[in-house]
Amino acid sequence: LTKNKIFLFGGLLLMSSIQHTKKIALIDCNSFYVSCERLFNPKIRRKPVVVLSNNDGCIISRSNEAKALGIKMGEPYFKAKDIILKNKVEVFSSNYSLYGDLSRRVMRTLKRFNTEIEVYSIDEAFIDLSNFPDSEVEKVGREIRETVLQWTGIPTSIGIAKTKTLSKIANHIAKKKQSGVTSLIGIENLDPILEKIEINDVWGVGRQLTKFYRKNGIYNAKQLKNKSNTWIKKCSNVLSSRTAMELRGVPCINLETTQTKRKSCVVSRSFGKRIEKFQELKEAVANYCLNASEKIRSESLVAKAITVFVRTSPFQRDYGYYSNSKTIDFPIATNNSIETVKTAVLILESIFKNGYRYQKAGVMLTGLRNDDGRKNLFSSEKDEKIKSLMRSIDNTNYRYGRSTLSLASAGVHKKWNMRRQYSSKIDTADFYCLPTIRTT
């Protein structure tokens, strides 16, 4: 940020510019999925907890107690099952509607401190604290952390620095501190800190780049920072050069505070069990269409085309492998659930083959653009009634939970649904899921 001061000297107008240090804070929710489950179940707050991915496949979130037992991130559940049973680890199936709702609450709370916020992921956000003096940023960080915990119940770690890359490193350090807040603002020499950060822990350095750096004698953030730009540009790419500049305290990656609207929308799931019947596959595709249509309506978008794809498991060749997809353009761009389901079923009829055990299906709405609400030559009174119906369905489902109102083609029993054996079944839209407090 630059503020200009104007001075009148000897009849001349002089302008001086005072550069203020950029201060970027990264707020990261600690073991976010686990924290969401603990919020509604205080009994497990001191116990080891893990959350599983779709179909209870892999471990995607761990409490500190679970990490201490040696349970690895991304490890298949069946491999860690012995450790989990032996140590009485609490296990939960993923509940993305709960996590999404609590994420939105955290982000709304952060906007209390600055509306200029970049939502980086479901559990991370960058916020600009440049308006606060250097001496106060750590105090502001503690206030943010306390407010988020009080208002949402979610614990966070906060790293503050001059650049986004350095704030990531500060956050990495903050996770190991009791205060949960680390500020690198005002520290002239960061080399002793950067020397302790392994190269694979630097933001933007992936697995392949880590191998490349280590091959060339770069093992930590300090070594990358002090490497010449000429060598980095010649041997790597511009993104690596930006990372090195950010480690030197030069901002190269701006905050993306305005969210660009999506160009496509995909809803896809692996089934809880293999599907052989067309009717069950039709129900699944219809459900995915309803979810996709609801998503684009929430962003005031319409779709030009729809793609449906199906496939069997590539690892079970006993029944043969089959994969297919097909795309159809809508006559008029739409976000009407009835129209998308009708078209998707037509596609499914053309690509479905008997004799296969289907493992996965999905739909993709493409050519998304803003719904300007204008009428065209083919508009009718029926279209307005359908729009009103869609609004009613969306409002009802928002208030009482997804699929409260649905289409008959989406089915009722849904035996093909994802495996969620350990689901906590917590729904923030359900009054009966609220915690109960007993007083004496």
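Refer to the preceding data block for the structure.
Residues numbered from 1 in each chain as written. Predicted model: local features only at pLDDT ≥ 70, side-chain atom pairs only at ≥ 80, totals over all residues. Heavy atoms only, no water.

Q: Got a minute to help me understand the overall build of the protein in this structure?
A: A tally of regular secondary structure across the protein gives 14 helices and 15 strands. In terms of overall dimensions, the protein has C-alpha extents of about 80 × 70 × 65 Å along its principal axes. For the protein, buried positions account for 41% of its 440 residues. When contacts within the protein are restricted to residue pairs at least 6 apart in sequence, long-range pairs at least 24 apart make up 66% of them. (Helix = DSSP H or I, 4+ residues; strand = E, 2+ residues; numbered from the N terminus. Buried < 20%, exposed > 50% of the residue type's maximum accessible area, 1.4 Å probe, protein only. Contact = heavy atoms within 4.5 Å.)

Q: Would you mind showing me how to read the sheet that holds strand E5 (residues 59–62) here?
A: Strand pairing in a sheet takes place through backbone hydrogen bonds and is either antiparallel or parallel in direction. Here three strands make up an open sheet; going across it, the order is E5-E4-E6 and the pairing mixed. What marks the edges here is a single partner per strand, and that holds for E5 and strand E6 (90–93). Averaged over all pairs of adjacent strands, the angle between their axes in this sheet comes to 25°, without regard to strand direction. Where strand E4 (residues 49–52) lies against E6, four bridges are found, and the strand directions are parallel. In the strand pairing of E6, Leu52 is matched with Ser93. (Pairing = 2+ DSSP bridges. Axes fitted to C-alpha atoms, helices over the stretch in contact; angles between N-to-C directions.)

Q: Would you mind showing me how to read the pattern of salt bridges here?
A: When the charged atoms of two side chains lie near each other, side chains of opposite charge can form a pair. A complete count under the given rule lists 13 salt bridges for this structure. Of the charged contacts, one joins Asp128 and Lys22 as a salt bridge, the two residues approaching to 3.5 Å between their closest N and O atoms. With a gap of 106 residues between them, Asp128 in strand E8 (residues 124–128) and Lys22 in the loop between strand E2 (12–19) and strand E3 (24–29) connect regions that are remote in the sequence. Among the residues examined, Lys22 registers a relative accessible area of 29% and is labelled partly exposed. Where Glu276 meets Arg357, a salt bridge forms, and the shortest distance between an N and an O atom there is 3.8 Å. Of the two residues, Glu276 is situated in the loop between strand E11 (264–275) and helix H12 (278–298) and Arg357 in the loop between helix H13 (337–351) and strand E14 (358–366); the sequence distance between them amounts to 81 residues. On the basis of relative accessible area, Arg357 is assigned to the partly exposed category, the value being 26%. (Salt bridge = Lys/Arg side-chain N within 4 Å of Asp/Glu carboxyl O.)

Q: Mind showing me how you'd approach the environment of Tyr33 here?
A: Relative to the assigned elements, Tyr33 resides in helix H1 (residues 32–39). The class for Tyr33 is buried, based on a relative accessible area of 16%. Considered as a pair, Tyr33 and Leu98 are 65 residues apart in the sequence and their alpha carbons are 9.0 Å apart. Contacts of Tyr33, omitting those with residues within four sequence positions, involve Val51, Ile60, Ser61, Tyr96, Tyr99 and Ile122.

Q: Sorry, what's going on with empty space enclosed by the protein here?
A: Rolled over the atoms, a probe with the dimensions of a water molecule shows which regions are left empty. Throughout the structure, instances matching the rule amount to two cavities of 30 Å³ or more. Taken together, 15 residues line the largest cavity, and the ones lying closest to its centre are Leu290, Glu294, Ile393, Asn397 and Leu405. Contributing elements (two or more residues each) for the lining of the largest cavity: H12 and helix H14 (381–400). It is H12 that contributes the most residues to the lining of the largest cavity, five residues altogether. (1 Å grid on protein atoms, 1.4 Å probe; cavity = no way out; pocket = protein on both sides within 12 Å on 5 of 7 lines; lining within 4 Å. Points joined across faces, edges and corners; volume = space filled by probe spheres on them.)

Q: Explain the environment of Ser264 here, please?
A: Considering the arrangement of structural elements, one finds Ser264 in strand E11. With sequence-adjacent residues up to four places away left out, Ser264 is seen in contact with Leu365, Thr366 and Leu368.

Q: I tried to follow the sheet that holds strand E7 (residues 117–121) on my own but got confused; where do I start?
A: Spatial strand order, E7-E8-E3-E9-E10: five strands in an open sheet with mixed pairing. Each edge of the open sheet is held by one strand with a lone partner, namely E7 and strand E10 (181–183). If you compare each strand with its neighbour and ignore which way they point, the axes differ by 15° on average. Relative to strand E9 (residues 156–161), E3 is paired through six bridges, and the arrangement is antiparallel. Its bridge partner lying in E9, Asp28 is registered against Ser157. Contacts from helix H5 (residues 137–152) reach E3, E9 and E10 within the one sheet, and its direction differs from that of E9 by about 160°. Across the sheet, helix H6 (residues 164–174) is in contact with E3, E7, E8, E9 and E10; its angle to E9 comes to roughly 140°.

Q: It is not clear to me how the pairing of E9 should be interpreted in this structure. Could you clarify?
A: The side chains of a regular strand alternate, first on one face of the sheet and then on the other. Counted residue by residue, E9 has six buried out of six residues, so it is predominantly covered. Taken together, the three bridges between E9 and E10 define a ladder with parallel strand orientation. Each residue of the ladder has a partner; that of Gly159, found in E10, is Thr182. For the segment spanning E9, H6 and E10, crossover handedness is left-handed. (Right-handed = clockwise from strand over helix to strand, strands pointing away.)

Q: Even after reading the chapter, I still don't get H13, so can you show me in this structure?
A: Each α-helix turn comprises 3.6 residues. Residues three or four places apart therefore point the same way. The end-to-end C-alpha distance of H13 is 21 Å, a good match for the 21 Å that 15 residues give at a rise of 1.5 Å each. Looking at H13, one finds that the buried residues are Ser337, Thr340, Val341, Thr343, Ala344, Val345, Ile347, Leu348 and Ile351. Where H13 begins, the side chain of Asn336 points an oxygen toward the backbone nitrogen of Ile338, at a separation of 2.9 Å. (Expected span 1.5 Å × (residues − 1). Polar contact = N/O pair within 3.5 Å; in protein donor to acceptor, adjacent residues only side chain to side chain.)

Q: Would you mind showing me how to read the packing of H6 against helix H11 (residues 238–247) here?
A: Two numbers describe how H6 lies on H11: the axes approach to 7 Å, and their chain directions differ by 65°. By the angle between their axes, H6 is roughly perpendicular relative to H11. In this structure, H6 contributes Lys164, Thr165, Leu166 and Ile169 to the contact, and H11 contributes Thr243, Glu246 and Leu247. When grouped by side-chain class, the residues that make up the contact of H6 with H11 number three nonpolar, two polar and two charged. (Parallel < 35°, antiparallel > 145°, perpendicular 65-115°, else oblique. Nonpolar A, V, L, I, M, F, W, Y, C, P; charged D, E, K, R; others polar.)

Q: Any chance you could explain unusual backbone geometry here in plain terms?
A: Most peptide bonds take the trans configuration, and most residues that are not glycine carry a negative phi. Although it is not a glycine, Lys88 sits at a positive phi angle of roughly 55°. With respect to the helices and strands, the residue Lys88 is situated in the loop between helix H3 (77–86) and E6. In the Ramachandran plot, Lys425 falls in the positive-phi region, its phi being about 55° despite a non-glycine side chain. Classification of Lys425 by relative accessible area gives exposed; the value is 64%.

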